[in-house]
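# Descriptive structure summary
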Amino acid sequence: MASEEPQAKKQKLSEEEEREEKEEKDEKKTDEPATLSPNSLFGMGNPLLDICAVVDKDFLDKYSLKTNDQILAEDKHKALFDELVKKFKVEYHAGGATQNSIKIAQWMIQEPHNVGTFFGCIGKDNFGSILKEKAEEAHVDAHYYEQDEEPTGTCAACITGDNRSLVANLAAANCYKKDKHLDLEENWKLVEKAKVYYIAGFFLTVSLESILKVAKHASENNKLFCLNLSAPFICQFFKDNLMQVMPYVDVLFGNETEAAAFAKEQDFGTKDIKEIAKKTQALPKVNAKRQRIVVLTQGKEETTIAQKDKVDTFPVLKIDPKDIVDTNGAGDAFVGGFLSELVQEKPLERCVKAAHYAANVIIQRAGCTFPEKPNFN
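Parameters and conventions
Residues numbered from 1 in each chain as written. Predicted model: local features only at pLDDT ≥ 70, side-chain atom pairs only at ≥ 80, totals over all residues. Heavy atoms only, no water. Pairing = 2+ DSSP bridges. Helix = DSSP H or I, 4+ residues; strand = E, 2+ residues; numbered from the N terminus. Axes fitted to C-alpha atoms, helices over the stretch in contact; angles between N-to-C directions. Contact = heavy atoms within 4.5 Å. pLDDT = per-residue confidence, 0-100. Buried < 20%, exposed > 50% of the residue type's maximum accessible area, 1.4 Å probe, protein only. Core = buried A, V, L, I, M, F, W, Y, C linked by side-chain atoms within 4.5 Å. Salt bridge = Lys/Arg side-chain N within 4 Å of Asp/Glu carboxyl O. Right-handed = clockwise from strand over helix to strand, strands pointing away. Phe/Tyr/Trp six-rings, centres within 6.5 Å; stacked < 30°, edge-to-face > 60°. Lys NZ or Arg CZ within 6 Å of the ring centre and 35° of its normal. Disulfide = S-S within 2.5 Å. Expected span 1.5 Å × (residues − 1). Arc of directions from axis to C-beta.

A separate point is the sheet that holds strand β7 (residues 154-160). Strands sit in the order β3-β8-β7-β2-β4 across an open sheet of five strands; the sheet is mixed. A single partner strand is all that each edge strand has here, and the edge strands are β3 (69-72) and β4 (90-95). Across the sheet, the mean angle from the axis of one strand to that of its neighbour is 20 degrees, orientation sign disregarded. Alignment of β7 against strand β8 (residues 163-169), held across seven bridges, turns out to be antiparallel. Each residue of the ladder has a partner; that of A156, found in β8, is V167. The strands touched by helix α3 (residues 80-87) are β2 (48-54), β4, β7 and β8; relative to β7, the strand with the most contacts, the crossing angle is about 55 degrees.

Here it is, written out as structure tokens:
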């Protein structure tokens, strides 16, 4: 028996050495970008065509719009979209939260094109054609479910000075069907090609079964599934849907108001952002091979991240308030920057750095737009 003890010690030692060597190799590996292939990053959500125009006060008054607001279109706003196009000089951009993030990730990555795949529902109409064109220009591999019952979703951005009044008409975006699109063999193959998945919480109101199918695939294959809380109303009124998906979430994004709403609904009994991050991180999870990471932004304040048994904070990039043009796309841009490094298997610090950089660029421009090339290294 005695002779076996040194043997066991020796074995333990060599196992430890082996582990250290592996960790060293892994560290080296993270410095080199993973070779990226098309369709490595998958997004699914509500595609909207952003229609941006500088308008006058009379136009806002006619449709009872505040100068700086985000609302869902009601019946009284239906004519607004056509009038905007006829009366003012408009710019079109491929929009919607998830599509914006995939677009930003692709911009940060640059080459190869079509690293990001995007699924969502549009109408068979002129706005749908423009949306397809714009997604192509952004080098995003968009595969839309096209139907003719509802028109393509739009978001009117009515600009007056530094203010933007946003009016979203989800329309077709609400009509995504799992069996008509996600389940089709050629589409599911694109899902299988991905290694990182991202869905904004807004899609929980459209197709829970589609999200669950993708989330389960990611979990079963030890791939990364990312979700965004997206808005306080998702945490409040779609709590059941959200909590059905939560056990599959590897990376959860949110801002301070969404985090506060989530904590209240979950009876966390705290308003402290670090505590909320910690408690969210500890919620039950299906794939035990990966610990959940919770990423909470706070505008110009530091970003809070909970992982394993620690909470870290990361300061955002300093910016002169007079350089800020529009903060509406900041959250989508943050996620896009984060995903661009995550899909290349970079360390968390690098993902956050890219996230802060992308958000910083986007808030200095109108809409979720960007220069030709990023200046990030």
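The next point concerns the confidence of the model for the protein chain. Residues at a pLDDT of 70 or more form 91% of the protein chain, whose mean pLDDT is 90. Long-range and interchain partners of residues 1-6, a stretch whose pLDDT sits below 50, account for zero contacts in this model, where long-range means more than four residues apart.

Moving on: the environment of Q106. Tracing the sequence through the fold places Q106 in helix α4 (residues 97-109). Q106 sits in the buried class, given a relative accessible area of 3%. Taking the C-alpha atoms as reference points, Q106 and T270, separated by 164 residues in sequence, lie 37 Å from one another. Aside from chain neighbours lying at most four places away, what touches Q106 is P112, H113, N114, V115, G116, A138, H139 and V140.

Grouped together as the largest cluster of nonpolar side chains are 56 residues, with contacts concentrated most on L84, V251, F253, F338, L339 and L342. Each residue touching V251, except ones within four places of it in the same chain, is listed here: L224, F225, C226, L227, I293, V295, F338 and L342.

This part covers the pattern of salt bridges. This model, assessed by the stated rule, comprises 16 salt bridges. For K213, the salt bridge goes to D183, with nearest N and O atoms at 2.8 Å. Within this pair, whereas K213 is found in helix α8 (residues 208-220), its partner D183 is found in the loop between α6 (178-182) and α7 (185-193), the two being separated by 30 residues in sequence. Assessed through its relative accessible area of 26%, K213 is described here as partly exposed. With a closest N to O distance of 3.5 Å, K278 and E275 form a salt bridge. With K278 and E275 both in helix α12 (residues 273-281), this residue pair falls three residues apart, about one helical turn. It is possible to trace a salt-bridge network through shared partners that takes in K62, E83 and K87.

Our focus in this paragraph is the sheet that holds strand β6 (residues 141-147). Spatially, the nine strands line up as an open sheet ordered β6-β5-β1-β9-β10-β11-β12-β13-β14, and their pairing is mixed. The open sheet terminates on both sides in strands that have one partner only, identified here as β6 and β14 (310-314). Averaged over all pairs of adjacent strands, the angle between their axes in this sheet comes to 20 degrees, without regard to strand direction. Sheet topology note: the strand β10 (residues 224-228)/strand β11 (residues 251-255) ladder contains three bridges and is parallel. Across the sheet, C226 pairs through a bridge with V251, a residue of β11. Packing against the sheet, helix α11 (residues 256-265) makes contact with β10, β11 and β12 (293-298), and its axis sits at approximately 110 degrees to β11. Its contacts with the sheet put helix α14 (residues 348-362) on β12, β13 (301-307) and β14, and the angle it makes with β13 is roughly 150 degrees.

In this section: the pairing of β7. Counting buried residues along β7, seven of its seven residues qualify, which places the element largely inside the surrounding structure. The side-chain alternation of β7 yields two buried faces, one formed by T154, A156, C158 and T160 and the other by C155, A157 and I159. In this sheet, β7 lies alongside β2 in parallel orientation, the contact comprising six bridges. By the bridge assignment for β7, L49 is matched with T154. The hairpin formed by β7 and β8 contains two residues between the paired strands, and G161 there has a positive phi angle of roughly 60 degrees.

Note that strand β5 (residues 116-123) and β6 share seven bridges and pair parallel. Paired with T117 across the two strands is D141, which belongs to β6. Tracing the backbone out of β5, into helix α5 (residues 126-137) and back to the parallel element β6 gives a crossover that is right-handed.

So, about the packing of aromatic side chains. Scanning all chains against the criterion turns up 18 aromatic pairs. Chaining the aromatic ring pairs together yields one cluster made of W107, Y357, F370 and F376. When the ring centre of W188 is taken as origin, the NZ or CZ atom of K213, which lies over that ring, is 4.3 Å away.

So, on to the state of the cysteines. Counted according to the given criterion, the structure contains zero disulfides. Just so you know, C52 is unpaired, no disulfide at all, and the nearest cysteine sulfur is the one on C155, 7.8 Å from it. Exposure remark for C52: the relative accessible area of 10% places this residue in the buried category. C158 takes part in no disulfide bond, and the closest cysteine sulfur, belonging to C155, lies 8.7 Å away. For C158, a relative accessible area of 0% corresponds to the buried category.

Attention shifts here to α5. For α5, built from 12 residues, the straight-helix expectation of 16 Å at 1.5 Å per residue is met to within 8% by its first-to-last C-alpha distance of 17 Å. Of all the positions in α5, only F127, G128, I130, L131 and A135 are classed as buried. Within α5, the buried residues cover an arc of 160 degrees as seen down the axis, which keeps them to one side. Those residues of α5 that are exposed and angled more than 90 degrees off the buried face are N126 and E136. Two residues or fewer past α5, H139 is found with a positive phi of approximately 60 degrees.

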